[in-house]
Every structure is written in structure tokens, then in C-alpha cells.
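Take a look at the letters that make up each chain.
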Amino acid sequence: MSSYVHKSHNVTVLLYHLVFPAKYRRVVIDGLVDQVLREVCLELETRYQLKFLEIGTDRDHVHFLVQSVPTYSVTKLVMIIKSLTAREIFRRCPGVKKKLWGGEFWSDGYFASTVGRLGNERTIGAYVKQQGSSYQQLHQDRQLALF
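For every chain, the first residue of the written sequence is number 1, and numbering continues from 1 along that sequence. pLDDT decides what is reported in this predicted model: residues at 70 or higher carry local features, side-chain atom pairs at 80 or more are listed and counted, and totals for whole chains, interfaces and linings draw on all residues regardless. Side-chain figures throughout are based on the complete set of non-hydrogen atoms in the structure, without hydrogens or water.

**Some details on the pairing of strand β3 (residues 14-21)**
A simple rule labels every residue: compare its accessible area, found with a 1.4 Å probe on the protein chains alone, to the largest value its type can have, and call it buried under 20%, exposed over 50%, or partly exposed in between. Secondary structure elements are taken from DSSP: a helix is a run of H or I of four residues or more, a strand is a run of E of two residues or more, and numbering for both begins at the N terminus. Most of β3 is tucked away, with six of its eight residues classed as buried. In this structure, β3 lies alongside strand β5 (residues 61-68), joined through eight bridges in antiparallel fashion. If you follow F20 over to β5, its bridge partner there is V62. A strand pair is defined by DSSP finding two or more bridges across the two strands. One ladder, built from five bridges, connects β3 with strand β6 (residues 111-115); its direction is antiparallel. In the strand pairing of β6, V19 is matched with F111.

**Some remarks on helix α1 (residues 31-47)**
The first and last C-alpha atoms of α1 sit 25 Å apart over 17 residues, in line with the 24 Å expected at 1.5 Å per residue. Taken as a whole, α1 has its buried residues at V33, D34, V36, L37, V40, C41 and L44. Viewed end-on, α1 has its buried residues packed into an arc of 160°, placing them on one side of the element. In α1, the exposed residues that point more than 90 degrees away from the buried face are G31, L42 and T46. Where the residues of α1 are buried, they touch β4 (51-57), β5, α2 (74-92) and α3 (94-99). As used in this structure description, the phrase polar contact means that two N or O atoms lie within 3.5 Å; if the pair is within protein, one of them must be able to donate a hydrogen and the other to accept it, and residues adjacent in sequence are counted only when both atoms belong to side chains. Between the side-chain oxygen of the N-cap and the backbone nitrogen of L32 there are 3.3 Å, and the N-cap of α1 in question is D30. Helix span is expected to be 1.5 Å times the residue number reduced by one. By arc we mean the arc of the directions from the helix axis to the C-beta atoms, nothing more. Residue contacts are defined here by distance: any two heavy atoms, one from each residue, within 4.5 Å place the two residues in contact.

Here it is, written out as C-alpha cells:
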């Protein structure tokens, strides 16, 4: 369960759903790799200000529900998790490296999504809309186009 992280000037609950596919989408995640991955993630919790709320492994990808602090961007968070877990998996499971001839455990890509603790986009949008004496809608579209 997530909890509020209290710092000197902020209180946060930052939750991310991250999905990392194995390199070449190879089927390399077995029971031993799963166990090593979970152990490494617990070690990362003590070294960094992270909390792995859930870890779900499939045969060729892994889902993480991670709580972090605002110090880390999503990119930095992904880099920390990918690099350190890959290094330890290769060190503790040498057979995996033979299946992945390129020397990389994770694919370059990943999926990242924020997760709301208290509500979804519609709930938070309605809450924000009700704040203050006069509400001014910023965008006409339901979704803001960035490109």
C-alpha cells in the first residue's frame, strides 16, 4: 500500500506503472530470474527512495508498481531499475546471458503511466473544477495534443 512521503518542503504520493520488455522479447524470465529480480528490487528500495508496491513477471516482460519521490524523473527511475536489475540478473543467472547474445537484458523501450491513489482523471478533474470561486476552462479538447 502506498503512503505519503514527507520531506522538509513537500508531501507526495507518486505512483508509476512501469512495464519493461526483455530484449528481443525473448522468453527469459523464469522462476530464478523472478526471484533475483525481486531481491534486487528490495535492495534498490534501501539504496534509493523507492518502494516497489507490486512486481508482476511474465515470461518476456515485467510490470512494476513503484512509488518514488519527486527527486527522480520517470526516465531516471527507469534507468536506475533497468541498469541495476540487468547487471544483477546477468551476474546471478549466467544462463540468461547466453539467450541474449547482445549483452543487454532489457529492451530499449518501456511503458510508463502515472497511477492515481485517490481517483482517476475524471474524479481529479471534477475536484479541480470545483475549486475556487470562478472556474475557467483551459482547453476545449478532452485531450491536449502535444505534437
